[in-house]
Amino acid sequence: MGMPALACRVDSAVPPPGYSAFIAGENSLATAVPFSSSTTTGAAAVDSTNSNSTHWSPAHSSTLYRIDNWGAPYFAVNDSGNITVRPHGSSTLSHQEIDLLKVVKKVSDPKSVGGLGLQMPLIVRFPDVLKNRLESLQSAFVSAIQTQGYESRYQGVYPVKCNQDRFVVEDIVKFGTPFRFGLEAGSKPELLLAMSCLCKGNPEALLICNGFKDAEYISLALLARKFQFNTVIVLEQEEEVKLVIDISKKLSVRPVIGLRAKLRTKHSGHFGSTSGEKGKFGLTTNHILRVVKDLRDSDMLDCLQLLHFHIGSQIPSTALLQDGVSEAAQIYSELTRLGADMKVIDIGGGLGIDYDGSKSGNSDLSVSYGLEEYASAVVNAIRVVCDRKSVKHPIICSESGRAIVSHHSILIFEAMCTTDTAPSMNQINLPFIELSEDARSDYWNISDAVMRHDNETCLFYADQLKQRCVEQFKEGSLGIEQLAAVDGLFDLVTKIIVGTEPVRTYLVNLSIFTSIPDFWSIGQIFPIVPIHRLDQKPEVKAILSDLTCDSDGKIDKFIGGEANLPLHKPGNGQYYLGMFLGGAYQEALGGVHNLFGSPSVVTVLQSDGPHSFAITHAMPGPSCADVLRVMQHEPKLMFENLKHRAGEFCGIDAGSCLASTVARSFHNMPYLEPGSSCSLTAMNNGGFYYCNEEDYYAGSETGANEEEHWSYCFA
């Protein structure tokens with residue numbers, strides 16, 4: 001005797017594997033009874049009005065993903081549904097816009113068809129955006145200075161800790177030369193790279209030396225002074241002043257000294273942990289007075305010329321900013337009164353990025369001001385205090401890193417596949433024979449609730465039926481096919497009554513720990529958007545899961561407080577996602593969890609050519625061999641061991657070919673290669689495998705350069 005089928009009016013009746021044996025037509029309800037749609041959620045109702053993708057436009061996608069809010073003036077959606085980059089910001093002409101998908105295709109297509117053959121994931125840098133950010137910051141301060149009658153200038157520095165990539169730092173020095181733009185270092189290697197890069201910079205550019213210092217750091221900074229760099233040693237601890245005094249005398253260098261003040265003004269957000277009286281860095285008022293005394297006693301008080309402070313990154317409002325700057329300006333004025341030859345006030349970092357486009361002053365993800373408001377607040381706060389104290393207006397320096405480099409870099413990665421969801425069916429029929437009496441009762445109650453349009457009761461009994469069957473399966477009295485049928489029924493009931501699709505998991509070709517470490521470590525959220533197909537309506541609610549064997553390797557929080565991301569159903573081609581505003585910190589913080597290395601990197605300039613861009617630099621990501629070396633393994637020795645093993649157990653000829661394939665894996669990136677063919681072909685005699693040389697050489701092109709191929713990979 002079979003159990004009557006529960007009939008539902010739904011579309012796309014395609015049963016999954018395993019159901020066919022349990023769908024019996026003998027005793028079905030005579031008439032299909034639809035679930036009531038009265039409980040359909042508002043979001044689902046909105047979706048239903050646009051269910052036809054022909055009604056969807058790029059403008060709909062731009063609104064859905066808030067691109068105009070967080071992306072303006074650098075990112076937009078074109079008529080083809082692709083993300084475009086506006087390299088010169090609001091000054092970008094229409095023919096200068098760069099189609100991001102075209103860049104990705106050029107980079108990832110094989111060399112045989114004119115591409116670069118680089119593997120995903122990919123970082124795309126736009127130096128033109130970097131230049132525009134630098135110029136916009138400078139322009140904002142120049143405008144505020146002129147408007148308010150401020151009697152000095154703005155002269156910024158870039159903190160290299162935000163992104164120490166050589167090309168990024170060199171570009172900032174080059175673009176900042178007309179503005180005397182300098183660099184800030186917080187460690188000895190950062191100081192070395194700053195000195196090297198500033199060799200081509202403006203002689204007046206500041207070289208700010210922050211961070212905790214030992215004798216070697218201070219000696220290096222004093223040598224930089226001897227090399228005619230405009231170097232300032234900023235004291236973070238009281239003990240550092242004695243080292244500076246002693247070493248400068250030994251080296252016969254007259255230093256320029258700054259000190260970092262520990263302000264009372266406190267930034268209450270996540271990024272404000274270094275602010276306030278109990279902050280990690282800086283000198284209290286008592287420390288400052290003792291430093292002044294030590295310098296006066298050493299006849300070096302005139303060397304004290306800069307005051308530095310840092311409220312914290314992502315300052316949310318200009319009110320907090322003005323409060324901190326005003327307090328610092330008071331200290332600056334007092335140092336002038338005490339006899340220091342003060343010239344510069346360094347307001348540190350803190351110029352924020354609007355990651356979610358909300359323009360909110362109550363979130364770590366947003367700020368309630370723009371560049372102009374920021375600059376105006378700083379200039380006004382310093383001017384008011386200095387005028388009141390009759391102190392000459394100082395040079396204003398800021399250490400804005402996040403605001404300069406965040407926009408210029410985009411992380412591109414592929415969605416490889418997605419988890420399956422229960423299919424919709426016109427009828428689901430559960431077999432009577434294997435179910436317990438209680439489970440059969442639940443099933444009849446579901447059917448009765450459907451007839452009465454009682455959605456709440458229907459959901460209750462569907463859940464109860466599922467739990468009973470799970471227990472039966474654990475006890476061994478229910479087969480996996482029956483359990484799958486019950487799961488399908490539960491998902492179908494939930495989907496129709498709640499009116500929403502279940503959230504699916506998209507596997508992405510990425511390591512979150514390597515490329516988006518701030519999401520994992522501090523919950524920092526970045527805009528993530530498909531870079532194409534934006535002329536189509538996304539039909540899937542998704543979270544992202546990376547390649548690592550770690551439960552934390554997922555992204556399940558998105559801008560706007562959303563727990564899922566609208567995405568398109570996987571098609572025949574590759575599906576690319578972009579993470580934006582990640583140009584600061586992510587590359588420097590990333591590690592090698594699961595031995596996934598950093599992405600490939602390309603630099604793209606706006607060009608007047610047919611595609612509006614030119615790729616000026618390309619670097620494949622680290623190979624498996626590269627990341628193994630990071631953890632003290634020696635790939636060459638590893639290969640020799642495996643080659644010997646292959647010959648020992650597979651024979652000399654077959655072992656040699658197999659070893660060649662192993663060598664290929666050493667040369668390639670650790671990430672997945674979508675659509676790549678298998679390089680091993682089965683032999684009928686003995687079950688051995690041999691290397692498909694055509695695949696081997698094709699694969700090698702995407703890994704190491706030809707001169708890096710191991711000559712010892714063939715026996």
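Residues numbered from 1 in each chain as written. Predicted model: local features only at pLDDT ≥ 70, side-chain atom pairs only at ≥ 80, totals over all residues. Heavy atoms only, no water.

- The name given to the chain in an unreviewed UniProt entry is Arginine decarboxylase, and the organism recorded there is Gossypium anomalum.
- What UniProt records for the chain under Catalytic activity (unreviewed entry) is the sentence "L-arginine + H(+) = agmatine + CO2". (UniProt positions renumbered as here; feature names shortened; annotations may be inferred.)

1. Structural notes on the UniProt feature "modified residue: N6-(pyridoxal phosphate)lysine" (unreviewed entry) in the chain
- Mapped onto this numbering, the UniProt entry gives "modified residue: N6-(pyridoxal phosphate)lysine" (unreviewed entry) at K161.
- Inspection of the secondary structure assignment puts K161 in the loop between β6 (157-159) and α6 (166-176).
- Here K161 falls in the partly exposed class, since its relative accessible area comes to 43%.
- Every residue in contact with K161, bar those within four places of it in the chain, is listed here: E190, Y585 and A588. (Helix = DSSP H or I, 4+ residues; strand = E, 2+ residues; numbered from the N terminus. Buried < 20%, exposed > 50% of the residue type's maximum accessible area, 1.4 Å probe, protein only. Contact = heavy atoms within 4.5 Å.)

2. Brief notes about the environment of A484
- Topologically, A484 is positioned in helix α16 (residues 480-498).
- As for A484 and C469, which are separated by 15 residues in sequence, their C-alpha atoms are 9.9 Å apart.

3. Remarks on the pattern of salt bridges
- As enumerated under the stated definition, the model contains 28 salt bridges in all.
- Here E204 and R180 are joined by a salt bridge, their closest N and O atoms 3.2 Å apart. Linking E204 in the loop between α7 (188-198) and β8 (206-209) with R180 in the loop between α6 and β7 (182-185), this pair joins segments that are 24 residues apart in sequence.
- Here E204 falls in the partly exposed class, since its relative accessible area comes to 40%.
- R180 sits in the partly exposed class, given a relative accessible area of 26%.
- The salt bridge partner of D214 is K188, with a shortest N-O separation of 2.9 Å. Taken together, the positions of D214 in the loop between β8 and α8 (215-226) and K188 in helix α7 put the pair 26 residues apart, joining distant regions of the chain.
- Residue classification places D214 among the partly exposed residues on the basis of a relative accessible area of 33%. (Salt bridge = Lys/Arg side-chain N within 4 Å of Asp/Glu carboxyl O.)

4. Focus: helix α14 (residues 437-451)
- With 15 residues, α14 ought to run about 21 Å at 1.5 Å a step, and its terminal C-alpha atoms sit 21 Å apart, in line with that.
- Listing the buried residues of α14 in full gives A439, R440, D442, Y443, I446, S447, A449 and V450.
- Within two residues after α14, H453 carries a phi angle of roughly 60 degrees, on the positive side. (Expected span 1.5 Å × (residues − 1).)

5. What about the packing of α14 against helix α15 (residues 455-475)?
- Where α14 meets α15, the closest approach of the two axes is 9 Å, and the angle between their N-to-C directions is 160 degrees. Classified by the interaxial angle, the pair formed by α14 and α15 is roughly antiparallel. Handedness of the crossing formed by α14 with α15: left-handed. Taken together, the residues of α15 that come into contact with α14 (itself represented by D438, A439, D442, Y443, N445, I446, A449 and V450) are T457, C458, Y461, A462, Q464, L465, R468, C469 and Q472.
- Across the contact of α14 with α15, the residue classes break down as 10 nonpolar, four polar and three charged. (Axes fitted to C-alpha atoms, helices over the stretch in contact; angles between N-to-C directions. Parallel < 35°, antiparallel > 145°, perpendicular 65-115°, else oblique. Left-handed = near helix turned anticlockwise from the far one by under 90°. Nonpolar A, V, L, I, M, F, W, Y, C, P; charged D, E, K, R; others polar.)

6. Concerning the sheet that holds strand β9 (residues 230-235)
- Read across the open sheet, the eight strands follow the order β6-β7-β8-β9-β10-β11-β12-β13; overall the sheet is parallel. On the outer flanks of this sheet lie β6 and β13 (395-397), each paired with one strand and no other. Each neighbouring strand pair of the sheet contributes to a mean axis angle of 25 degrees, computed without reference to strand direction.
- One ladder, built from three bridges, connects β9 with strand β10 (residues 257-260); its direction is parallel. Looking across to β10, one finds that L235 is bridged to L259. (Pairing = 2+ DSSP bridges.)

7. A closer look at the sheet that holds strand β4 (residues 98-99)
- Ordered by their spatial adjacency, three strands build an open sheet running β2-β3-β4, and the pairing between neighbours is antiparallel. If you trace the sheet from one side to the other, it starts and ends with β2 (75-77) and β4, each paired once.
- Pairing of β2 with strand β3 (residues 83-85), which is carried by three bridges, proceeds in the antiparallel orientation. Within the sheet, the bridge partner assigned to A76 lies in β3 and is T84.

8. Quick notes on the side chain of Q305
- Assignment of secondary structure puts Q305 in strand β11 (residues 304-308).
- We classify Q305 as buried; its relative accessible area is 15%.

9. Re the pairing of β11
- β11 sits mainly inside the fold: five of its five residues count as buried.
- Bridge count between β10 and β11: four bridges; the pairing is parallel. If you follow L259 over to β11, its bridge partner there is L307.
- Here β11 runs beside strand β12 (residues 344-346); their pairing, made up of three bridges, is parallel. The residue of β12 that forms the bridge with H308 is D346.
- Taking the sense of rotation as the criterion, the β-α-β connection linking β11, helix α11 (residues 318-337) and β12 turns out right-handed. (Right-handed = clockwise from strand over helix to strand, strands pointing away.)

10. Here's the deal with the packing of aromatic side chains
- What the rule picks out here adds up to 10 aromatic pairs.
- Ring geometry for W70 and F75: centres 6.1 Å apart, planes at 45 degrees, overall tilted. There is no split in this pair, since W70 and F75 are both buried.
- Residues F75 and F580 carry aromatic rings whose centres are separated by 5.0 Å and whose planes lie at 70 degrees to one another, so their mutual orientation is edge-to-face. Taken together, the residues F75 in strand β2 and F580 in the loop between β21 (575-579) and α19 (586-589) connect sequence positions 505 residues apart.
- Three or more aromatic residues link up through ring pairs in this structure, and these residues are F141, Y154, Y369 and Y374.
- Note that K213 overlies the ring of Y217, its terminal NZ or CZ placed 5.7 Å from the centroid. (Phe/Tyr/Trp six-rings, centres within 6.5 Å; stacked < 30°, edge-to-face > 60°. Lys NZ or Arg CZ within 6 Å of the ring centre and 35° of its normal.)

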